[in-house]
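# Notes for the structure review
Residues per chain are reported as follows:
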Amino acid sequence: MVESIIVGFDGSDASFVALDWVGERAARGRARVEIVMIGGTIFSDTTRANPSIHNAESRLRSRAPDAEIASRQFPGRLPESLLEHASAADLLVIGSHLRRSIRSALTGRLPLKICIASPIPVVIVPDQWTAVDGPVVVGLDEDESSDAALQVAASEAAAVADTLVVVHAWQMPPPRMEGAVALLASPIQEKAVQRSILRESVLALSRSHPDVQVEQVLVQESPTTALLEHARDASLLVLGTHHRSLFAGALLGSVGQGVLAHARIPVCIVPSRTGTKA
């Protein structure tokens, strides 16, 4: 099966780093890659790409000589036009500056907007990324938003023949009011509930991906802190989204925003309704 990958490109250093990540990925299997630039052209014929796209295409071919590679430039606005052109692909990849968002059209708050709106998995590659061999880490939420992310993460771990680390970070729920009395949950009982959620998710993964070695991590900690800590030496961090907000619910998107702001490794955001693999 040929994997279809769209790379959002704007000529910045971060977008060239994203190309390098795609090149490594495309070199390990059959892939069709399209480099897409939105706007930024003075040509009336938008099929003519500027020199930076030609450089990008050459760079990608040197890293993945067997991949099908093309580049195109379209008028329009971000993120709508990029998402429109990526909607039929398996994966959308963009680069991101951690501290220099003003220099790139695809940084600032756009990565978050793209991840929330995209119907396909999106990988955000930070400009400081360097290739490493490491496990794939996936964050487990308590509802269906994690299901697709777990499957994508397991497929990624199988592709690189490495361990899948499932991180389930939990916190004590707020007191429940019954009349004028505040009822506190039992930490022991709550931990047992969260351990059961983690165990059932890993068992389901072992049935769908029996050859993947899975490590379980259950920790009472802020999800953002736990994910960044356990993904420090990972090759990829995978999260799920509802398309309403990242880790929708009590956290209202703070986990995804925190991870994207601080991660120094590629982060894959998987929509809950995706049917594709990253």
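One structure accompanies this document, and this report is about it. One numbering rule holds for all chains: residues counted from 1, following each sequence as written. Local features in a predicted model are, by the rule used here, given only for residues with pLDDT of at least 70; side-chain atom pairs are given and counted only at 80 or more, and totals for whole chains, interfaces and linings are based on all residues. The side-chain values count all of the structure's non-hydrogen atoms but skip hydrogen atoms and water molecules.

## Section: the nonpolar core
Where we set the bar: Only buried Ala, Val, Leu, Ile, Met, Phe, Trp, Tyr and Cys residues count toward a nonpolar core, and they belong to the same one when joined by side-chain atoms within 4.5 Å. Using a 1.4 Å probe on the protein chains alone, a residue whose accessible area is under 20% of its type maximum counts as buried, one over 50% counts as exposed, and one in between counts as partly exposed. By definition in these notes, contact holds between two residues if any of their heavy atoms fall within 4.5 Å.
Core analysis: the largest hydrophobic core is formed by 45 residues, its most contacted members being Trp21, Val93, Leu164, Val166 and Val238. In this structure, tryptophan 21 is in contact with Leu91, Val93, Val123, Val125, Trp129, Leu236 and Pro266, ignoring residues within four places of it in sequence. Core analysis: the second largest hydrophobic core is formed by 34 residues, Leu92, Val122, Val165 and Ala169 among them.

## Observations regarding the pairing of strand S5 (residues 122–126)
Threshold: To qualify as a helix, a DSSP run of H or I must reach at least 4 residues; to qualify as a strand, a run of E must reach at least 2; elements of each kind are numbered from the N terminus. The pairing criterion is simple: DSSP has to find at least two bridges between the two strands.
Among the 5 residues of S5, 5 are classified as buried, and the element is accordingly described as predominantly covered. Of the two faces of S5, the one carrying Val122, Ile124 and Pro126 and the one carrying Val123 and Val125 are both buried. In this structure, strand S4 (residues 91–96) lies alongside S5, joined through 5 bridges in parallel fashion. Note that in S5 the partner of isoleucine 94 across the bridge is isoleucine 124. In this structure, S5 lies alongside strand S12 (residues 267–271), joined through 3 bridges in antiparallel fashion. By the bridge assignment, isoleucine 124 is partnered in S12 with valine 267.

## With respect to the state of the cysteines
One covalent bond between the sulfur atoms of two cysteine residues makes up a disulfide. Selection rule: In what follows, a disulfide is any cysteine sulfur pair within 2.5 Å.
A complete count under the given rule lists 0 disulfides for this structure. Unpaired in this structure, cysteine 115 has its nearest cysteine sulfur neighbour in cysteine 268, at a distance of 8.6 Å. Owing to a relative accessible area of 1%, cysteine 115 belongs among the buried residues under this scheme.

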